[in-house]
Amino acid sequence: MSISFEQKVVILSGPSGTGKTTLMKHLLNSSLGKILGFSISATTRKPRPNEREGIDYFFLSLKDFENKIHEDAFLEWEEVYPGIRYGTLWTQIENLRKTQKHILFDIDVKGSLRLKNRFKNTCRSYFISLSNPKKVLIQRLETRNIHSPKSLKERINRVEWELSKKDSFDEIIVNDDLGTTQKRLIESVARFLGLNPSP
Ligand code: ADP
Ligand code: 5GP
C-alpha cells in the first residue's frame, strides 16, 4: 500500500508539553480542517480521563500491538517511553486517502524523521519548541498533573535528545505565545497545501 501523489503530509513533533495536541486541535478546527485529517495513532499506554478510544488513540494491549507489528499493520512505530509503544496504522492512512484529506501527524521526533525521509517534499515537518524549553516544559508537565512521577521523569529525560534534533525539521516553531503560534502555523500549513487561509 502506498500514499497517493496528491496526498500531502504535515507533521507536528517536538518534546512533550510544547503544545502539539493544542495546535493539532486548532488546525483541525480551522478552515484547514476540511482538507486535513488527523492520523489517530495506536498506543499501549492507558487512556487519560478525557481521552476516547478511536478519537484520541486506539488503545491496544502490548500483545495486540505486537500482533499488528507482525501483520505489518504499521507505517511506523516507536517505543517512545520505556515499555510504551506508539504507532501509525496503515488503515488510518488508507481511510484518510479515501476521504481525499491530507494527513496531519502528531508523532515523536524519531518517527517524524523516518516519515520525512520516506515522503520527502510531499511532507512538511514542524518542530514545536519554546524559547526556554527545559524550564517551561517541566512546569507544564507538572501542572498538567496527568503523569505519575515515573512518567514525568521519562518525559523530562527525553527533552534534551529531542531538542538536539530540531534542525532536521523543515520549520522550527517557538510556541511561547499560543495565539501567535496558531496564526503562524495555519499560514505555513496553508501555504504548503497551496491554499489561502481564512480565519
Ligand atoms: P503536547 O501535545 O506537546 O504534549 P499539549 O498541547 O498537551 O502539549 O500542551 C501542554 C499544556 O500546555 C496544555 O495544558 C496546554 O493547554 C498548554 N499550552 C500549550 N501551548 C501553550 C502556550 N503557548 N502557552 C501556555 N500554555 C500552553
Ligand atoms: P502522549 O502520550 O503525550 O499522547 O504522546 C507521547 C508522544 O508520542 C508524543 O511525542 C507523540 O507525538 C508521540 N506519538 C503519538 N503517536 C505516535 C505514533 O504513531 N508514532 C510515533 N512515532 N510517535 C507517536
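Residues numbered from 1 in each chain as written. Chains lettered and ligands numbered in written order. Predicted model: local features only at pLDDT ≥ 70, side-chain atom pairs only at ≥ 80, totals over all residues. Heavy atoms only, no water.

Glancing now at the pattern of salt bridges. Tallying each qualifying case throughout the model produces 14 salt bridges. A salt bridge links Arg-114 to Glu-78; the nearest nitrogen and oxygen atoms lie 2.9 Å apart. Here Glu-78 lies in strand β5 (residues 74-81) and Arg-114 lies in helix α4 (residues 109-119), a separation of 36 residues in the sequence. A relative accessible area of 9% places Glu-78 in the buried class. We note a salt bridge from Glu-171 to Arg-184, for which the minimum N-O separation is 3.1 Å. On the criterion of sequence distance, the pair formed by Glu-171 in strand β9 (residues 171-174) and Arg-184 in helix α7 (residues 178-193) is long-range, its members being 13 residues apart. Accessibility expressed as a relative area gives 11% for Glu-171, which makes it buried. Members of the salt-bridge network, linked through shared partners, are Arg-45, Arg-48 and Glu-51. (Salt bridge = Lys/Arg side-chain N within 4 Å of Asp/Glu carboxyl O. Helix = DSSP H or I, 4+ residues; strand = E, 2+ residues; numbered from the N terminus. Buried < 20%, exposed > 50% of the residue type's maximum accessible area, 1.4 Å probe, protein only.)

Moving on: the site of ligand 2. Close to ligand 2 lie 17 residues; Ser-41, Tyr-57, Glu-76, Tyr-86 and Asp-106 are nearest. Relative to its free-state accessible area of 510 Å², ligand 2 is covered by the protein chains to the extent of 94%. Going through the elements one at a time, β5 and β6 (84-89) are the ones with two or more residues in the shell around ligand 2. Tallying contributions element by element places β5 first for the shell around ligand 2, with 4 residues. Residue composition of the shell around ligand 2, by class: 5 nonpolar, 4 polar and 8 charged. (Near = heavy atom within 4 Å. Areas by Shrake-Rupley, 256 points an atom, 1.4 Å probe, with all protein chains shown as cover. Nonpolar A, V, L, I, M, F, W, Y, C, P; charged D, E, K, R; others polar.)

In spatial order, the strands read β2-β7-β1-β8-β9; together these 5 strands make up an open sheet with parallel pairing. The two strands at the open ends of the sheet, each matched to only one other strand, are β2 (36-38) and β9. Between one strand axis and the next, the sheet turns by 25 degrees as a mean value, whatever way the strands run. Inspection of the sheet shows strand β1 (residues 9-13) paired to strand β7 (residues 102-106) by 4 bridges, in the parallel sense. Within the sheet, the bridge partner assigned to Leu-12 lies in β7 and is Asp-106. (Pairing = 2+ DSSP bridges. Axes fitted to C-alpha atoms, helices over the stretch in contact; angles between N-to-C directions.)

A few words now on the environment of Arg-140. Residue placement: Arg-140 occurs in helix α5 (residues 133-144). For the pair formed by Arg-140 and Thr-18, sequence separation is 122 residues and the distance between their alpha carbons is 8.3 Å. Those residues in contact with Arg-140 that lie beyond four places of it in its chain are Gly-17, Thr-18, Gly-19, Leu-130 and Asn-175. Only 3.1 Å separates the side chain of Arg-140 from the backbone oxygen of Gly-17, close enough to count as a polar contact. (Contact = heavy atoms within 4.5 Å. Polar contact = N/O pair within 3.5 Å; in protein donor to acceptor, adjacent residues only side chain to side chain.)

For the rest of this paragraph, the subject is the site of ligand 1. Near ligand 1, the surroundings consist of 14 residues, among which Gly-17, Lys-20, Thr-21, Thr-22 and Arg-144 are the closest. Measuring from an oxygen atom of ligand 1, one finds a backbone N or O atom of Thr-18 at 3.3 Å. At 3.4 Å, a backbone N or O of Asp-176 approaches a nitrogen atom of ligand 1. Within the complex, 71% of the 570 Å² of free accessible area of ligand 1 lies under protein. Those elements that place two or more of their residues in the shell around ligand 1 are α1 (20-29) and α5. Top contributing element to the shell around ligand 1 by residue count: α1, with 3 residues. In terms of residue class, the shell around ligand 1 is built from 2 nonpolar, 7 polar and 5 charged.

The residue Asp-72 is not glycine, and still its phi comes out positive at about 60 degrees. Asp-72 sits in the exposed class, given a relative accessible area of 62%. With phi around 45 degrees, Lys-120 is a residue other than glycine that occupies positive phi space. The topology assignment puts Lys-120 in the loop between α4 and β8 (123-129).

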